[in-house]
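This is what each chain is made of:
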Amino acid sequence: MTTNGWFQIAFFLMLILAVTKPMGVFMTRVFNREKTFMDPVLRPLERLLYRVTGVDENHEMRWTEYAVSMLLFSAVSMLVLYVIERAQAFLPFNPQKLGGVAPALAFNTAASFTTNTNWQNYSGETTMSYFTQMAGLAYHNFASAAVGMAIAIAFIRGIARREMETIGNFWVDLVRSCLWVLLPFCMVGALALVSQGVVQNLKPYDTVKLIEPQHVPKVDANGKPVLSPDGKSVMDTVTEQTIAQGPVASQEIIKEWGTNGGGFFNANSAHPFENPTPLSNLIELFCIFAVSSGLTYTLGRMTGSPRHGWAVWAAMAILFLVGVSVTYWAEARGNPLLVVGVDQHASALQSGGNMEGKEVRFGIANTALWATVTTDASCGAISGWHDSFTPLGGMVPLVNIMLSEVIFGGVGAGLYGMLIYIILAVFIAGLMVGRTPEYLGKKIEAYDVKMAMLVVLVFPLVILGFSAISAVEGFGTSSILNPGPHGLSEILYAFTSQAGNNGSAFNGLTTNTLWYNTAGGITMLAGRFLMILPMLAIAGNLARKKYVPASLGTFPVTTPLFTALLIGVILIVGALTFFPALSLGPILEHLLMSAGKTF
């Protein structure tokens, strides 16, 4: 670890702190339908959209109508994306003449981008045409992020409103999320990325001759090395290189700003056409947290308690710092399995530490920061291969997702996930003092806690259920690249990432199979919608309640004590649920590595 590395991490957090209040105030004005500086341009466009689509912006919805609207919109969007993938061979903007996507993979990808997961069982540059990337995937990057933001705002309204049956209008929240929060910032951000060298064109791929032929291992259709009868790798001689390109910048910015994560290229944000410079790296990291961090201030401002918003932000920031510190330490200390005498210390002559799987342009500190940020949020974009991290370094991104990605989290999704933990924390505090728990003037009753527990239970049920099946059946274990505890970690990470709508992967698991495509698609849909519905039910129930003035027995939700309790609940409910699985995966692998053993 170096002083420069810690400075970069601290500087990033200061940037996020600085943007929290401005973004929070702006989004409060947007969703409260107050005047903003963008109104002269966007308000006429908004009214036009409502007239064309027949939406009454003054119509308020009960939580059930809000939920049905959200489900219908998502279902139709998913179907349209599936059709685009299957028919892309007949659609325009396909200079490479790529064929239609296979049914199982098309289903998995449609479910992935509809749920803001952006899990990719394919290489983007060899599978998806420009039309599919733009009209299919990039569109869903906006739409799925807007849906998450709308749900978070509806939840906040449920807390803020008193004796009301409605929580807003889904279509209005969706449109305002896109027009005010996503599109304008992405237009500016895309130009900023282009200025750094991110590609944006519609040209066919270029083919160039290599200066020297390269000998590379031959792989089969599943990406596994082809072996000769004597067990050695079969080698291919490569004399040409295909340079992929396309409309990258426009997708790159929304994949970060909307915490989507799907890369235009297979290498994702480690690819120089997606992330060419240290400045582009900082811009993309900043975009992942900016909106989610601002929503904590929006929570405080819309509910009339800015200090509560900062208390929630503090809990997120503390968990973030712990995670990035452990990852940085684990990767910077190196690999104990290397022979004695190998120097793994950072110096003027070398980076030091475990550089396997790292993007050498950015180093260990930035790679550790990126891995932590992308799994704290439901982003999934990567700048290094998590599969090559040390066991503890790889466990932190896994645990971040297992905590339901409430450490800032995805756009909207992180906040409404955190609100579930807040309800549980307030409920536990009420039990400890023998009073009916209250949260910002609303009594937390049995119905609210039952719905919150449904959310908490769905997550591990889906992850552990599918992971267990995959770990014992041949159709699951045949995809494992590495045996032993690391192989279990690969399976566990895959289903955790998909259920958490993250999208990153260990990449040591071949998941483009019928089983993993189908099970993964179901996992992503369950992880999104089976968790949203109980949340909306809580929002509707809270909106109907009377306001209860605070008394001497009310547990304050604006203090460091609340922040500490909230962190404790997150760790106990979230982390300990998965401890047995973690103990058989990364923890066991770490102990074996420390003992000098490997599988």
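Numbering of residues starts from 1 in each chain and follows the order in which that chain's sequence is written. The model is predicted, so local features are restricted to residues of pLDDT at least 70 and side-chain atom pairs to those at 80 or more, both for listing and for counting; the totals for chains, interfaces and linings are taken over all residues. Values shown for side chains rest on all heavy atoms present in the structure; no hydrogens or waters enter the calculation.

Asker: An account of the overall build of the protein chain is requested, with residue identities and associated values reported.
Answerer: Looking only at helices and strands, one finds 20 helices and four strands in the protein chain. The globule rule is 2.2 Å times the number of residues to the power 0.38, and the radius of gyration it is compared with is taken over C-alpha atoms. The C-alpha atoms of the protein chain give a radius of gyration of 24 Å, which matches the 25 Å a tight globule of 599 residues would have. A principal-axis box enclosing the C-alpha atoms of the protein chain has dimensions of 75 × 55 × 50 Å. Classification of residues uses two cut-offs on accessible area relative to the type maximum, computed with a 1.4 Å probe and protein chains only: under 20% is buried, over 50% is exposed, and between them is partly exposed. Expressed as a percentage of its 599 residues, the buried residues of the protein chain come to 57%. Intrachain contacts of the protein chain at a sequence separation of at least 6 include 79% that bridge at least 24 residues. A total of about 23,700 Å² of accessible surface is found on the protein chain, and carbon and sulfur atoms cover 67% of it. Counting from the N terminus, the helices are DSSP H or I runs at least four residues long and the strands are E runs at least two residues long. Contacts: residue pairs with any heavy atoms within 4.5 Å of one another. Throughout, the Shrake-Rupley method with a 1.4 Å probe supplies accessible areas, and for residues the shown protein chains are the sole cover considered.

Asker: So, the nonpolar core: which residues are in play, and what are the values?
Answerer: Phe155 and Phe320 are the most contacted members of the largest nonpolar core, which totals 159 residues. Excluding residues within four positions of it along the chain, Phe320 makes contact with Phe12, Leu13, Phe289, Leu369, Thr372, Val373, Asp376, Ile407 and Phe408. Remark: nonpolar core denotes a set of buried residues (Ala, Val, Leu, Ile, Met, Phe, Trp, Tyr, Cys) joined through side-chain atoms within 4.5 Å. Within the second largest apolar cluster, 11 residues are counted, among which are Met78, Ala110, Phe113 and Leu137.

Asker: So what's going on with the environment of Leu533? Which residues, and what values?
Answerer: With respect to the helices, strands and loops of the structure, Leu533 is situated in helix H17 (residues 514–544). With relative accessibility at 27%, the residue Leu533 sits in the partly exposed group. In this structure, Leu533 is in contact with Trp63, Ala67, Met70 and Leu71, ignoring residues within four places of it in sequence.

Asker: I'd love a proper account of the pattern of salt bridges, names of residues and values included.
Answerer: When a carboxyl oxygen of Asp or Glu is within 4 Å of a side-chain nitrogen of Lys or Arg, the pair counts as a salt bridge. Throughout the structure, instances matching the rule amount to 16 salt bridges. With a shortest N-O distance of 3.5 Å, Glu34 and Arg29 are connected by a salt bridge. Overall, Arg29 belongs to the partly exposed group, its relative accessible area being 31%. The partner of Lys209 in a salt bridge is Glu240, with the nearest N and O atoms 3.3 Å apart. Of this pair, Lys209 sits in strand E1 (residues 206–217) while Glu240 sits in strand E2 (residues 235–243), placing them 31 residues apart in sequence. Put simply, Arg43, Glu46, Glu57 and Arg176 are held in one network by salt bridges that share partners.

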